[in-house]
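# Structural characterization, general
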Amino acid sequence: MKILVTNDDGIHASGIQSLTEALKKVGEVAVVAPDRERSAVGHALTLHHPLRAIQLGPNTFAVDGTPTDCVNLGIHNLLSFKPDIVVSGINRGANLGDDVTYSGTVAAAMEATLMGIPSFAVSLVTEGMGSNYGAAAEFASRLARQIHEKGLPSDTFLNVNVPDLPCDSLLSSRVTSQGKRRYEGNIIGKLDPRGRKYYWIGSAQLSFLDLEGTDYHAVSRGHVSITPLHLDLTNYASLQVLRGWDLA
Ligand code: MN
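Described in the following lines is the structure provided in the data block. All figures in this text were calculated on a predicted structure; none of them were measured in a lab.

## Points about the overall build of the protein chain
Looking only at helices and strands, one finds six helices and 13 strands in the protein chain. Expected size for 248 residues packed as a compact globule is a radius of gyration near 18 Å; at 19 Å, the protein chain falls within 12% of this value. Sequence separation of 24 or more characterises 75% of the internal contacts of the protein chain that already satisfy a separation of 6 or more. Accessible area of the protein chain: about 13,100 Å², with a carbon and sulfur share of 52%. Put simply, the protein chain has 21 plus and 25 minus side-chain charges, and the middle of one group is 3 Å from the middle of the other.

Take a look at the structure:
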């Protein structure tokens, strides 16, 4: 099995290093990842300046772009092989519920899916630096092997969230649906040293609705959450409603 690994926390992050170590036991691993942290860039593609890739080792490249840039460059230009699977992570911090569209980690898996390559994103559910990347990496390598054997349904990738617990404390995995964020004030406004106002997004600890069967419900009870996602965002249930409007 040939595996491309990427992330959005940057090539030097602990998560991608644990993930690479674990995946090397089950396949041939290449790494193409951002040269610095690019969290919350979503599915951004760099169009307005050139990209540079620095080779750090055999099939290992740091790119001064986004996770989506990395998947593109990796597959089309940098690697000596076409990967059978793309794994993105291990992200420092959860990617649950409505947050998935902000996530560079999840977007890298999306990009691979657009190219027809099976893929999953994996995140460690932690508010801090995270302790148990090894346990999450072991889970990811088992999942990679299963995906390689069984394939994934078409146009589908997986968003995996692993509680920050040691291997023996992690409960079984649950296949879940995307949860719902509880939207609250999340921006701090203050004055800078020159008396001008500034705003900083992401200050508060945000919560999710505790709905049975969702990603949040599973990880908050110690289970690994696996959510199958697809790129078609159409709300099919509302097609009929809108087609009933008088739009001429
Ligand atoms: Mn990140």
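## Quick word on the nonpolar core
Core analysis: the largest hydrophobic core is formed by 33 residues, its most contacted members being Leu23, Phe120, Val122 and Val160. Ranked by residues supplied to this core, first place goes to helix α4 (residues 133-150) with nine residues. For Val160, the contacting residues outside a window of four places in its chain are Phe120, Ala121, Val122, Ser123, Phe139, Leu143, Val224, Ser225 and Ile226.

## Quick notes on the coordination of the manganese ion
For the manganese ion, the full set of protein donor atoms is Asp8 (OD), Asp9 (OD), Ser39 (OG) and Asn91 (OD1), and the range of their distances to it is 2.1 to 2.3 Å. Here the donor residues of the manganese ion are spaced in sequence according to D-D-x29-S-x51-N. Placement of Asp9 in the loop between β1 (2-6) and α1 (14-23) and of Ser39 in the loop between β2 (28-34) and β3 (53-57) is noted, with a sequence separation of 30 residues between them.

## Description of the packing of α1 against α4
Where α1 contacts α4, the axes come no closer than 8 Å and their chain directions differ by 45 degrees. Our classification of the angle between α1 and α4 gives oblique. In terms of crossing hand, the pair formed by α1 and α4 is right-handed. Residues Ser14, Gly15, Ser18, Leu19, Ala22 and Leu23 of α1 pack against Tyr133, Gly134, Ala137, Glu138, Ala140, Ser141 and Ala144 of α4. In terms of residue class, the contact of α1 with α4 is built from seven nonpolar, five polar and one charged.

## What to know about the pairing of strand β13 (residues 223-230)
Judged by how many residues are buried, β13 sits mostly within the fold: six of eight residues are covered. With six bridges connecting them, strand β7 (residues 156-163) and β13 associate as antiparallel partners. In the sheet register, Val160 faces β13, and the bridge partner there is Ile226. Here strand β8 (residues 171-175) runs beside β13; their pairing, made up of four bridges, is parallel. What sits directly across from Ser173, in β13, is Val224.

## Structural notes on the pattern of salt bridges
Per the counting criterion, the structure on display carries six salt bridges. Between Glu138 and Lys25 there is a salt bridge, and its shortest N-O distance comes to 3.3 Å. Of this pair, Glu138 sits in helix α4 while Lys25 sits in the loop between α1 and β2, placing them 113 residues apart in sequence. The partner of Arg36 in a salt bridge is Asp35, with the nearest N and O atoms 2.8 Å apart. With a relative accessible area of 48%, Arg36 lands in the partly exposed category.

## Topic: α4
The end-to-end C-alpha separation of α4 is 25 Å, in line with the 26 Å expected for 18 residues at 1.5 Å each. For α4, every residue scored as buried is listed here: Tyr133, Ala135, Ala136, Ala137, Phe139, Ala140, Ser141, Leu143, Ala144 and Ile147. If you follow the buried residues of α4, they end up packed against α1, β5 (85-92), β6 (119-125), β7, β8 and β13. Once α4 ends, the next one or two residues include Gly151, with phi positive near 75 degrees.

## Things to note about the sheet that holds β1
Within a sheet, neighbouring strands are paired by backbone hydrogen bonds and run either parallel or antiparallel to one another. The sheet built from nine strands is open, its strands ordered β3-β4-β2-β1-β5-β6-β7-β13-β8 with mixed pairing. Both outer strands of the open sheet, β3 and β8, are each paired with one neighbouring strand and no more. Taking each pair of neighbouring strands and ignoring which way they run, the sheet shows an average axis angle of 20 degrees. Against the sheet, α1 engages β1, β2, β5 and β6, with an angle of about 140 degrees to β5.

What counts, and where the lines are drawn
- Residues numbered from 1 in each chain as written.
- Predicted model: local features only at pLDDT ≥ 70, side-chain atom pairs only at ≥ 80, totals over all residues.
- Heavy atoms only, no water.
- Helix = DSSP H or I, 4+ residues; strand = E, 2+ residues; numbered from the N terminus.
- Rg over C-alpha atoms; globule rule 2.2 N^0.38 Å.
- Contact = heavy atoms within 4.5 Å.
- Areas by Shrake-Rupley, 256 points an atom, 1.4 Å probe, with all protein chains shown as cover.
- Lys, Arg positive; Asp, Glu negative; His and termini not counted.
- Charge placed at Lys NZ, Arg CZ, Asp CG, Glu CD.
- Core = buried A, V, L, I, M, F, W, Y, C linked by side-chain atoms within 4.5 Å.
- Buried < 20%, exposed > 50% of the residue type's maximum accessible area, 1.4 Å probe, protein only.
- Donors = N, O, S within 2.8 Å, 3.2 Å for Na, K, Ca; no water.
- Axes fitted to C-alpha atoms, helices over the stretch in contact; angles between N-to-C directions.
- Parallel < 35°, antiparallel > 145°, perpendicular 65-115°, else oblique.
- Left-handed = near helix turned anticlockwise from the far one by under 90°.
- Nonpolar A, V, L, I, M, F, W, Y, C, P; charged D, E, K, R; others polar.
- Pairing = 2+ DSSP bridges.
- Salt bridge = Lys/Arg side-chain N within 4 Å of Asp/Glu carboxyl O.
- Expected span 1.5 Å × (residues − 1).

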